[in-house]
Amino acid sequence: MTPLVDIRDLRVQFLVGDGAVQAVKGVSFAIPAGRTLALVGESGSGKTVISQTLMRILPQNAEITGGQVLFNDPAKPDDAPVDLVALPADGKKMRQIRGGSISIIFQEPMTSLSPLHTVGDQVGEALLLHRNCSKPEAKELTVEMLRLVGFPDPEKAWRAYPFELSGGLRQRAMISMALVCRPSLLIADEPTTALDVTIQAQILKLIADLQAELGMAVLMITHDLGVVANVAEDVVVMYHGEVMEQGGLRDIFGDPRHPYLKGLLAAVPRFDMKPGERLIPLREIKQDRSALKRPEREAWPEGADDRMLTIEHLTKTFSVRNKGWLARGSTQHLAVDDISFDVRRGECLGLVGESGCGKTTTSKMIMKALTPDSGTVTFNDRGTPVDIAALEGDKLFRLPPQGAVHLPGSLRIAEPAHDGVRHHLRAPGNPQDRHPCRTRRARHGTDASGWSGCAPSAPLSPTASPAGSVRGSALPAPWRWSPNC
Ligand SMILES: Nc1ncnc2c1ncn2[C@@H]1O[C@H](COP(=O)(O)OP(=O)(O)OP(=O)(O)O)[C@@H](O)[C@H]1O
Ligand SMILES: [Mg+2]
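Structural notes, computed from the coordinates. (Residues numbered from 1 in each chain as written. Chains lettered and ligands numbered in written order. Predicted model: local features only at pLDDT ≥ 70, side-chain atom pairs only at ≥ 80, totals over all residues.)

Moving on: the sheet that holds strand β1 (residues 5-16). With antiparallel pairing, the four strands of this open sheet are ordered in space as β2-β1-β4-β5. Among the strands making up the open sheet, the edge pair consists of β2 (19-31) and β5 (82-83). The pairing of β1 with β2 spans 10 bridges and is classified as antiparallel. Bridging from a neighbouring strand, Leu15 pairs with Ala20 of β2. Helix-sheet contacts for helix α1 (residues 47-55) involve β1, β2 and β4 (62-71), and the interaxial angle to β1 is about 110°. (Pairing = 2+ DSSP bridges. Helix = DSSP H or I, 4+ residues; strand = E, 2+ residues; numbered from the N terminus. Contact = placed C-beta atoms within 7 Å. Axes fitted to C-alpha atoms, helices over the stretch in contact; angles between N-to-C directions.)

Here we come to the site of ligand 1. Taken together, the neighbourhood of ligand 1 is formed by 16 residues, with Phe14, Ala23, Ser43, Lys47 and Thr48 sitting nearest. Going through the elements one at a time, β1, β2 and α1 are the ones with two or more residues in the shell around ligand 1. Top element by residues in the shell around ligand 1 is α1. It accounts for three residues. Classifying every residue of the shell around ligand 1 by side-chain character gives seven nonpolar, eight polar and one charged. (Near = placed C-beta within 6 Å. Nonpolar A, V, L, I, M, F, W, Y, C, P; charged D, E, K, R; others polar.)

Taking 1.5 Å per residue, 18 residues should reach 26 Å; helix α7 (residues 197-214) reaches 25 Å between its end C-alpha atoms and fits that length. Three or more residues of α7 are buried, namely Ile199, Gln200, Ile203, Ile207 and Leu210. One side of α7 carries all its buried residues, which in axial view fall inside an arc of 105°. Exposed and oriented more than 90 degrees from the buried face of α7 are Val197, Thr198, Ala212 and Glu213. The inward-facing, buried residues of α7 abut α4 (135-148), α6 (167-179), β7 (185-189) and β8 (217-222). Looking one or two residues beyond α7, the residue adopting positive phi is Gly215, at roughly 70°. (Expected span 1.5 Å × (residues − 1). Buried ≥ 20, exposed ≤ 12 C-beta atoms within 10 Å, placed from the backbone. Arc of directions from axis to C-beta.)

With that settled, consider the pairing of strand β10 (residues 242-248). Pairing between strand β9 (residues 234-239) and β10: six bridges, direction antiparallel. Paired with Met238 across the bridge in β10 is Val243. In textbook terms, the turn of a hairpin is the stretch between consecutive antiparallel strands, and for β9 and β10 this stretch comprises two residues, one of which, His240, has a positive phi near 50°.

Following this line, the structure appears as structure tokens:
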């Protein structure tokens, strides 16, 4: 059977500085109509570049150096396949295909949704562009689509702005924008990585239901093998811009042939893991951590309490303004309700819970970025208990670095990675007051988020987005190489 999309020997490079990065090196695979194909591979393997090539939305410094992407439009069965690579990216034909026949949803909905326009305007715009319909028709179809993706009150959602929606609802808004024109191919580039497991399951089910209803094919891009096992029928495994293995889900998972895929499967958690069993990293990442160590310090004082951080009865309430034209006053929202826990020296404590349950608020109170309503955060400064809440001004920054918070947007676009780490080492409020770690050292610790730059005693939430293989190599290290923490 003729596939919907047939990618043949595709090659894409990026021009950077004096040289070129070969991001896609002769990739070939086909996406059958109506099926779900998962494109799997670790960070940087070229998955997103392939999706950008299909949509012809590659960055300006990218160059397609070879190959074909043949698209057989099911709406025009008698036409010859169109080579998307040969079309001008901004030409009329490609604009019709982009968003009309092939749509994409990204990991972070706010990169696709405009904060200045209502959901209704943004979803309806795709219809006005691609389907010759009037504004009232566009509204009717948009509301219908919002109902289909599960908005409890589609009329209200039509009027809402994206910032008024939760993460899961924003993702639904983006899905409606992608699907409102009934595309024959939906590209989903890490659509659920930023969501917690409950919402993740809902969104994956939603995509599967819509696929059955609309008969479209789905190219699911993910590094999450759990997601692949749940949704895919066919799998393509990529590594360093090349396809390592491809085939049906059962064959690929049941009998992995390529050593890379075997390694990938061993690098993700399984239900039957024994207590204390560690994941096997895909490859050993050799690092010289000596430069990251703090200056020699005395041994941990004899008999000193080994609880580094003691959280007792922490509570935080936020005041949320009531919404609507006629609404007045505010409602109290209890974000953290009387929680207590300890983190001991060398221990890795997992603080787990679904979206909105108070994890980040807790971490911000630990860092004193937020003041708790009640409760205490006590840091153990080599045997001397320090009440973090009571510290003010300079005293707060003289304390040994007690934590580092990773947020996905922590890196600045205009800074090279090592500058981002250097920024991280500065004490807020006083540019002169730098942490004793030198930038030279920080460069050694650059791990794309900067959190390991100054040997914190308690790094917080560092791996929400990286691929499993990257997570495996990023996590255990800091707890080990700083025995004096
Ligand atoms: N704008 C760009 N300029 C230079 N190189 C780039 C650019 N975008 C991507 N690359 C490079 O292309 C390669 C493939 O990147 P790509 O984003 O496709 O990876 P990915 O498989 O989607 O990774 P992830 O799972 O992290 O999203 C990487 O080496 C990356 O550094
Ligand atoms: Mg990507």
